[in-house]
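Observations on the three-dimensional arrangement
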Amino acid sequence: MTPAVRACVCPGSFDPLTLGHLDVLLRAADLFDVVHAGVAVNPGKRGLFTGPERAELVRRALADSGDPRAARVVVAEFGDGLLVDHCRRLGAPVVVKGLRSGTDYAYELPMALMNRHLADVETVFLVGDPAYGHVSSSLVKEVARYGGDVSGLVPAAVRAALATRMGEDASDPA
């Protein structure tokens, strides 16, 4: 008899993926056999990168990390519907979320309770690495937009994609 596979979903917009996100994905792989990095796609929102672009950047960052845990992370987009439905489809009864601060906890707690209420999906909170406590996708985009150096905040593939995208946006007056 083979043991059951322990699977979780680590959802996020990853717009763009930061080193903090990467840290949480890899640490989740220490705890679970399979980590489903769920790249959330909201058709009503226009992000900096499309869903497929974000998913590919997560894949590239994992591959480039050289970390053996990256092999246990599966990247896929998910859109319409509830996170708990996505978890059911994948057979993953656990959601993993990284927390940088008490503000993150206050934001995530009601969602965690609702996921448990709706589908008995538990949430595991991983305390983020303090080195990335100040890093958010929003701040990364703002720094990049104004030509700031995002080295040390995002993986190299994301840094290159940001430079390209910001260059495209800078030449587009619309």
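In short, a report on the structure. Remember, it's a predicted structure, so these values are computed and weren't measured experimentally.

Focus on the side chain of histidine 36
With respect to the helices, strands and loops of the structure, histidine 36 is situated in strand S2 (residues 34–40). Overall, histidine 36 belongs to the buried group, its relative accessible area being 14%. When near neighbours in sequence (up to four residues on either side) are disregarded, histidine 36 contacts Ala7, Cys8, Val9, Cys10, Val74, Leu90 and Ala92.

Comments concerning a nonpolar patch on the surface
On the surface, a nonpolar cluster with roughly 270 Å² of combined accessible area is contributed by Leu82, Met114 and Leu118. Mapping leucine 82 onto the fold places it in the loop between strand S3 (73–78) and helix H3 (83–90).

A closer look at the sheet that holds strand S4 (residues 94–99)
The 5 strands lie next to each other as S3-S2-S1-S4-S5, forming an open sheet whose pairing is parallel. Of all strands in the sheet, those with a lone pairing partner are S3 and strand S5 (122–127), marking the two edges. Looking at each pair of strands side by side, their axes are set apart by 30° on average, direction ignored. As paired elements, S4 and S5 share 6 bridges and run parallel to each other. In the sheet register, lysine 97 faces S5, and the bridge partner there is phenylalanine 125. Of the strands in this sheet, S2 and S3 touch helix H2 (residues 51–65), which is tilted by about 170° from S3. In the packing of H3 onto the sheet, the strands contacted are strand S1 (7–12), S2, S3 and S4, and the crossing angle to S1 comes to about 145°.

Basis of the calculations
- Residues numbered from 1 in each chain as written.
- Predicted model: local features only at pLDDT ≥ 70, side-chain atom pairs only at ≥ 80, totals over all residues.
- Heavy atoms only, no water.
- Helix = DSSP H or I, 4+ residues; strand = E, 2+ residues; numbered from the N terminus.
- Buried < 20%, exposed > 50% of the residue type's maximum accessible area, 1.4 Å probe, protein only.
- Contact = heavy atoms within 4.5 Å.
- Patch = residues over 30% accessible without salt bridge, like charges linked within 9 Å, V, L, I, M, F, W, Y side chains within 5 Å.
- Areas by Shrake-Rupley, 256 points an atom, 1.4 Å probe, with all protein chains shown as cover.
- Salt bridge = Lys/Arg side-chain N within 4 Å of Asp/Glu carboxyl O.
- Pairing = 2+ DSSP bridges.
- Axes fitted to C-alpha atoms, helices over the stretch in contact; angles between N-to-C directions.

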